Amino acid sequence: MNELVSYSQDNELAIITINNPPVNALSPGVPEGIAEGVARANADDAIKGLVLIGGGRTFIAGADIKEFGKVISGEKKEGSLLPLLTALEDSPKPVVAALHGSAFGGGLEIAMACHYRVAAKDAQVGQPEVKLGIIPGAAGTQRLPRLAGVAKAVEMCVSGAPVKAADALAAGLVDQLIEGDLLAGAQAFLREKIAANATHPRTRERNDKLGDEATNTPLFAAARESAKKTARGLTAPFAAIDAVEAATKLSFDEGVQVERKLFEQCLFSDQAKALMHVFFAEREVAKVPGLSPDAKSIEIKQAAIIGAGTMGGGIAMNFANAGVPVLLKETTQEALDRGIATITKNYSNTVKKGRLTEEAMAERLALITPTLGYDGFENADVIIEAVFENMALKKEIFAELDKRAKPGALLASNTSSLNLDEIAATTSRASSVIGLHFFSPANVMRLLEIVRGKATSDEAIASAFALGKLMKKVGVLVGNCHGFVGNRMFFQYMREGHFLVEEGASVEAVDKALTDFGMAMGILAVDDMAGIDVGVKVRQENAKHEAPGRRQPLVVDRLYEMGRYGQKTGAGWYKYDENRRATPDPAVAALIEKTAQAAGITRREIGAREIVERCVYALINEGAKILDEGYALRAGDIDIVYLNGYGFPAWRGGPMWYADTVGLKTVYDRVCEFQAQHGAWWEPAPLLKRLAETGGTFAALGKAKGD
Ligand code: 3HC
Ligand code: NAI
């Protein structure tokens, strides 16, 4: 056997163990090792059955995604798993797959080709391929409906979501759950089957769960309809439905061929490349080059928050959800009551939706201690300030925290625009001060910008990442520039949205072009949701940080003066009904027309393509500046910010990845054209220029630095 797969014997049973840490991905050598084990067991008369099991923390997490990269680039041919699956299923001696951890993708496909599956209680099974822009490629779409039924197969292949062992048992995917030692349980199970049965089931020969046309036709129609909403813009979920449908209409072998064709179409698509980039970028983001390997994160047993407003309340919920007791401080009883009432309402809504039990809600609320004083702050391992965006107030609070917090406690500010170093300077321990920029609603949004100040220590950074993980957020380390990474880019994006309507595009056309591109919402709808008043104030603040004399948007200031603050006032760029449903407002169209005319702006037809280029290239150009100035570590980090905080479509990989796919020369040339037409806002980022001239990409830049 090879070193990735080991073979041992326990009396009449052969045990094949996969040892490819950390997740037993099916890297080259693993399928071959398993096949060798199967052949060896079948050649040995003393062997009556085989157990296939994963060493370490998991069964098999699927194909090796890095290898797909090589296949896509043409460096190598894909090694199909199909011959191995046939060898397992045709094995004259029964094979049981013993599952723990994750049996995902190719891992589940291998398990389904075995005659039996047993699972530890904490095991999960799934076909997560759609999350990578592909579909199961080793007969998963053909065996899964045969074991779990058509509806379950569609659900699993379209959502990519994992299924817990107990649900897998109920669905028929798993034959038995094992308490205690998995290997011993699997052996006992197999011995029973050997004693009781002369023949052992082959999944591909089972047709009893494949349904009939009368039940399947509406099921597939409903699945496609639902995917149009849940998987907008994605191609793989629809390919997965087609493949499962083939299982219900064709023979097993013909179905496998259909699946293969669809799999290959998906594998070589831009979406698959983008989503595989996202998979690795999400994991790379927590790796900080240069951080001392000795930097240990603090243990977070007690937290404290100052300010129980919009953000403070949401952050308190994050701690409570993670089981960490948290003090929540306000200045008045009234503000405190309001904050707790909002938290309670949020939890109650989750209970009403059936996603939280009453008991769990009570437990979480009990972890949040409202307070008007600083008592107990001396025990907090992390303190997060979330008061009004006011420098004097924040300085006062950090000076107080410096006196009260225990040594080593992490002192964080949730500021979205103030200078972290200035805040840190009011303390005698700037190394413990960090920015934790949560996004609203803080209990929902996955993004957490971790802002590194001049003096922030490696321990503080490691602790912030650990805190993000604890809260199930994706932490991204950013530098202390105005707007950090996400908002600094967003200002440029928003600005173009505002200019485009003044130059002739309708409000609806701007938003439609962006949602058609894949954005979760159009920019003007976002402006209405966040609040026109908030946006105007932010812009006034930004003006202090930008070169004077640049063109400023006009209409949005008129909306502000009219009290049209967006959703919360029932009117902004759109009109809103009592359910906050938007409709176009002719009064806004007239206002735009009049304002543009008074300002001497020549209005013209603007197509969707220009709208997208203006908005998205503004993001990219600023992203390139941020990267060049060192405020983001890698282009992939910027992508992760945009995917998790700003509704950028994952299947486009993020703005920087998207720029690479368009071609940086194309993007740069267009930015230069915009500069010629629209002036200083469009000054090309030096990095974009350099890469365009040398044929480089943002993605390769990260690699060249050895990150
Ligand atoms: N291929 C290559 N590397 C993988 C991998 C895979 N399938 N799955 C995980 N890894 C790597 C990660 O990149 C990470 O590497 P790093 O330490 O160098 O950053 C390491 O393994 C650990 O991964 P996580 O940090 O994600 O560990 P967790 O414990 O948080 O999660 C997991 C484990 C749930 C298995 C998660 O890694 C996961 O979901 N992996 C992807 C599973 C997947 O998509 N499988 C389907 C592949 S496609 C396929 O099988 C096609 C088939 O139909 C032919
Ligand atoms: P908010 O106005 O909803 O809440 C601030 C709260 O702080 C108020 O309840 C106020 O009573 C309280 N407060 C003021 N001084 C205090 C003190 N000395 N001690 C205790 N409590 C005090 O404000 P919001 O929106 O929650 O913002 C808080 C911070 O988060 C700001 O720095 C803001 O820039 C930042 N932020 C806000 C986001 C948003 O979308 N609202 C997003 C990301 C960051």
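Everything discussed here concerns the structure shown above.
Let us look at the structure shown here. (Residues numbered from 1 in each chain as written. Chains lettered and ligands numbered in written order. Predicted model: local features only at pLDDT ≥ 70, side-chain atom pairs only at ≥ 80, totals over all residues. Heavy atoms only, no water.)

1. A look at the overall build of the protein
The test is simple: Helix numbers and strand numbers start at the N terminus; a helix is a DSSP run of H or I with at least 4 residues, a strand a run of E with at least 2. Only protein chains enter the area calculation, which uses a 1.4 Å probe; residues under 20% of their type maximum are buried, those over 50% are exposed, and those in between are partly exposed. It only takes one pair of heavy atoms within 4.5 Å for two residues to be counted as in contact. For the purpose of charge, His is not counted, nor are the chain termini; Lys and Arg are scored as positive and Asp and Glu as negative. For charged residues, the charge sits on one atom: NZ in Lys, CZ in Arg, CG in Asp, CD in Glu.
Secondary structure summary: the protein contains 30 helices and 19 strands in total. Taken along the three principal axes of its C-alpha coordinates, the protein extends 90 × 60 × 50 Å. Looking at the protein residue by residue over its 707 residues, the buried ones come to 54%. Summarising the internal contacts of the protein: among those between residues at least 6 apart in sequence, 72% fall at separations of at least 24. One way to put it: in the protein the 80 positive side-chain charges average out to a point 1 Å from where the 88 negative ones average out.

2. Remarks on unusual backbone geometry
Across the junction of Pro-21 and Pro-22, the peptide omega takes the value 5 degrees, indicating a cis bond. Counting through the fold element by element, Pro-22 comes out in the loop between strand 2 (13-18) and helix 1 (30-43). The step from Ser-440 to Pro-441 runs through a cis peptide bond, and the omega angle for that step is -10 degrees. Despite not being glycine, Asn-24 shows a phi value in the positive range, around 55 degrees. With respect to the secondary-structure elements, Asn-24 resides in the loop between strand 2 and helix 1. A relative accessible area of 1% means that Asn-24 is categorised as buried. Backbone geometry places Phe-484, a non-glycine residue, at a positive phi of 50 degrees.

3. What about the sheet that holds strand 7 (residues 124-126)?
Two pairing modes exist for strands in a sheet, parallel and antiparallel, and in both the strands are linked by backbone hydrogen bonds. What counts here: Should DSSP find at least two bridges between two strands, the strands are regarded as paired. The axes used here are C-alpha line fits, helices contributing only the stretch in contact, and every angle between their N-to-C directions lies in the interval 0 to 180 degrees.
Read from one edge to the other, the open sheet built from three strands follows the order 5-7-8, with strand pairing classed as mixed. Edge positions in the open sheet fall to strand 5 (102-104) and strand 8 (163-164), since each of these has one partner strand only. Both strand 5 and strand 7 contribute to a ladder of three bridges, which runs parallel. Note on strand 7: the bridge partner recorded for Phe-104 is Gly-126. Running at roughly 90 degrees to strand 5, helix 4 (residues 106-113) makes contact with strand 5 and strand 7 of the sheet.

4. Description of the site of ligand 2
Selection criterion: In these notes, residues near a molecule or strand are those with any non-hydrogen atom within 4 Å of it. Identification of polar contacts relies on pairs of N or O atoms within 3.5 Å, with a donor-acceptor requirement for protein atoms, meaning one able to donate a hydrogen and the other able to accept it, and with residues adjacent in sequence counted only if both atoms are side-chain atoms. Only the protein chains shown count as cover for residues, and the accessible areas themselves come from Shrake-Rupley with a 1.4 Å probe. Three classes are used, and their members are as follows: Ala, Val, Leu, Ile, Met, Phe, Trp, Tyr, Cys and Pro are nonpolar, Asp, Glu, Lys and Arg are charged, and the others, Gly among them, are polar.
Ligand 2 sits among 21 residues. The nearest are Met-311, Glu-330, Glu-389, Lys-394 and Ser-416. Here a nitrogen atom of ligand 2 and a side-chain polar atom of Lys-329 are 3.4 Å apart. Take Val-387: an N or O atom from its main chain is 3.3 Å from an oxygen atom of ligand 2. Compared with its free state, where it exposes 820 Å², ligand 2 has 78% of that area covered by protein. Mapped onto the shell around ligand 2, the elements with two or more residues apiece are helix 13 (310-321), helix 16 (391-404) and strand 15 (433-438). Looking at the shell around ligand 2, the element that brings in the most residues is helix 16, giving three residues. The residue makeup of the shell around ligand 2, split by class, is eight nonpolar, nine polar and four charged.

5. Focus on the nonpolar core
Threshold: The term nonpolar core refers to a set of buried residues drawn from Ala, Val, Leu, Ile, Met, Phe, Trp, Tyr and Cys, joined through side-chain atoms within 4.5 Å.
Counting residues in hydrophobic clusters, the biggest one holds 96 residues, and the most contacted among them are Ile-383, Leu-401, Val-510, Trp-573, Phe-648, Leu-688 and Phe-698. For this core, the element with the most residues is helix 25 (residues 608-628), which contributes eleven residues. Setting aside its immediate chain neighbours within four residues, Phe-648 contacts Phe-517, Met-519, Val-616, Leu-619, Tyr-642, Leu-643, Gly-654, Pro-655 and Tyr-658.

6. Quick notes on the pattern of salt bridges
Defined as follows: The working definition used for a salt bridge is a side-chain nitrogen of Lys or Arg within 4 Å of a carboxyl oxygen of Asp or Glu.
As enumerated under the stated definition, the model contains 53 salt bridges in all. Taking the shortest distance from any N to any O, the salt bridge between Glu-610 and Arg-604 comes out at 2.9 Å. Look at Glu-610 and you get buried, because its relative accessible area is 13%. A single salt-bridge network, built from bridges that share partners, covers Arg-495, Glu-496, Glu-502, Glu-503, Arg-551, Arg-604, Glu-610 and Arg-614.

By themselves, these figures tell us nothing about what the structure is for.
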